[in-house]
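One letter stands for each residue in the lines below.
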Amino acid sequence: MKLLSGKTALVTGASRGIGHAIAQKFAEQGANVAFTYLSSAEKAEALEKELAQHGITAKGYRSDASDFAAAEQLISSVVADFGSLDVLVNNAGITQDTLLMRMNEEMWDKVIDVNLKSVYNTVKSALRTFLKQKSGSIINLTSVVGIKGNAGQANYAASKAGIIGFTKSVALELGSRNIRSNAIAPGFIETEMTDKLDEKTVQSWRDAIPLKRGGQPEDVADCALFLASDLSTYITGQVLQVDGGMLT
Ligand code: NAP
């Protein structure tokens, strides 16, 4: 028996990296998968085909996570196309790293809008559907940086810390309606986001990891699968670290 048979999941930012691995894992486990992307149209098209090979329904939507009206439109399209929405994974995210001395207002606003406002946008838009169904699992991608801070990432760390506060508040507000809200805090995961870092920074991250390796997108996808499935029906308001023990 597959863990997500009969469920519909929406994964934001699934054209690459962690979101891509989550979409694949969910499809392997029998979920119908809706996903979003922004600029990687070709990769999204390829993913749609790849997911459908698992005998489930898959559809990619071009949707800017930072735009509230677009999120409302997205959720109503997903519910119309798939008939329900059981799992919402807020994964889309960006970095614009620099020391605060050099961080301008645009860099601050952009990262907060794509990483944090986006989570409000989709959760608020999906709420009516979850309440009507009397169930839902919300999974938000935060970061260990949102827990401990990081020099050169004040905007990113603030967005990820905000996600933790939001996740816990939603868990408190909606637990009585059987709607769960949890976050995943990855550590150093090898994707295009971390490819941008210089070798010295990468080595310092690796040195700080007790398991002595960078994480893979699949490591995070396994955690998302657990939170999406009925294996975690008594877990809400939590932040699960997938970081090889980095922040212990
Ligand atoms: P990634 O490889 O850079 O991929 C980012 C994804 O987000 C892409 O699919 C991209 O779509 C999408 N995206 C970006 N801006 C968007 C927007 N405005 N609207 C919709 N989609 C948008 O990133 P990743 O490493 O997989 O990270 C995924 C999540 O995990 C992020 O929230 C990140 O902060 C978090 N995280 C990552 C790490 C790590 O070490 N990698 C650690 C902790 C937390 P397009 O390609 O179509 O533009």
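Structural notes, computed from the coordinates.

The rules behind the values
Residues numbered from 1 in each chain as written. Predicted model: local features only at pLDDT ≥ 70, side-chain atom pairs only at ≥ 80, totals over all residues. Heavy atoms only, no water. Helix = DSSP H or I, 4+ residues; strand = E, 2+ residues; numbered from the N terminus. Rg over C-alpha atoms; globule rule 2.2 N^0.38 Å. Buried < 20%, exposed > 50% of the residue type's maximum accessible area, 1.4 Å probe, protein only. Lys, Arg positive; Asp, Glu negative; His and termini not counted. Charge placed at Lys NZ, Arg CZ, Asp CG, Glu CD. Core = buried A, V, L, I, M, F, W, Y, C linked by side-chain atoms within 4.5 Å. Contact = heavy atoms within 4.5 Å. Near = heavy atom within 4 Å. Areas by Shrake-Rupley, 256 points an atom, 1.4 Å probe, with all protein chains shown as cover. Nonpolar A, V, L, I, M, F, W, Y, C, P; charged D, E, K, R; others polar. Expected span 1.5 Å × (residues − 1). Arc of directions from axis to C-beta. Phe/Tyr/Trp six-rings, centres within 6.5 Å; stacked < 30°, edge-to-face > 60°.

### As for the overall build of the protein chain
For step 1, the next point in the chain: Looking only at helices and strands, one finds nine helices and seven strands in the protein chain.
For step 2, the next point in the chain: Computed over the C-alpha atoms, the radius of gyration of the protein chain is 17 Å, within 12% of the 18 Å expected from 2.2 N^0.38 for a compact globule of 248 residues.
For step 3, the next point in the chain: For the protein chain, the spread of C-alpha atoms along the three principal axes comes to 45 × 40 × 35 Å.
For step 4, the next point in the chain: Taking all 248 residues of the protein chain together, 51% fall into the buried category.
For step 5, the next point in the chain: For the protein chain, the distance from the average site of its 25 positive side-chain charges to the average site of its 27 negative ones is 5 Å.

### Brief notes about the nonpolar core
For step 1, the next point in the chain: One finds I22, F26, L51, V89 and I184 to be the most contacted residues of the largest nonpolar core, which totals 33 residues.
For step 2, the next point in the chain: No other element matches the seven residues that helix α9 (residues 217–228) contributes to this core.
For step 3, the next point in the chain: Apart from the residues within four sequence positions on either side, I22 is in contact with V11, V89, L141, A221 and A224.
For step 4, the next point in the chain: Counting residues in hydrophobic clusters, the runner-up holds 18 residues, among them A34, Y61, I75 and V170.

### Concerning the site of the ligand
For step 1, the next point in the chain: The full set close to the ligand counts 31 residues, and S39, S40, N91, Y156 and T191 are the nearest of them.
For step 2, the next point in the chain: Calculation on the ligand without its partners gives an accessible area of 900 Å², and the protein chains cover 96% of this total.
For step 3, the next point in the chain: Counting residues per element, the shell around the ligand draws most heavily on helix α7 (residues 192–195), which supplies three residues.
For step 4, the next point in the chain: When grouped by side-chain class, the residues that make up the shell around the ligand number 14 nonpolar, 13 polar and four charged.

### Remarks on helix α2 (residues 41–52)
For step 1, the next point in the chain: Between the first and last C-alpha of α2 there are 17 Å, a value that for twelve residues agrees with the 16 Å anticipated at 1.5 Å per step.
For step 2, the next point in the chain: Those residues of α2 lying buried are A44, L47 and L51. The buried residues of α2 occupy one face: seen down the axis, they fall within an arc of 60°. In α2, the exposed residues that point more than 90 degrees away from the buried face are E42 and K49.

### Some thoughts on the packing of aromatic side chains
For step 1, the next point in the chain: The final tally for this structure, using the stated rule, is two aromatic pairs.
For step 2, the next point in the chain: When the ring of F68 is compared with that of Y120, the centres are 5.7 Å apart and the planes differ by 25°; the resulting orientation is stacked. With F68 in helix α3 (residues 68–82) and Y120 in helix α4 (residues 105–133), this pair connects stretches of sequence that are 52 residues apart.
For step 3, the next point in the chain: Look at F68 and you get partly exposed, because its relative accessible area is 23%.
For step 4, the next point in the chain: When its relative accessible area of 38% is taken as the criterion, Y120 is described as partly exposed.
For step 5, the next point in the chain: Where F188 meets W205, the ring centres are 6.5 Å apart and the plane angle is 20°; that geometry is what we call stacked. Of this pair, F188 sits in the loop between β6 (179–186) and α7 while W205 sits in helix α8 (residues 199–207), and the two are 17 residues apart along the sequence. W205 matches F188 in its accessibility class, with the two residues each being buried.

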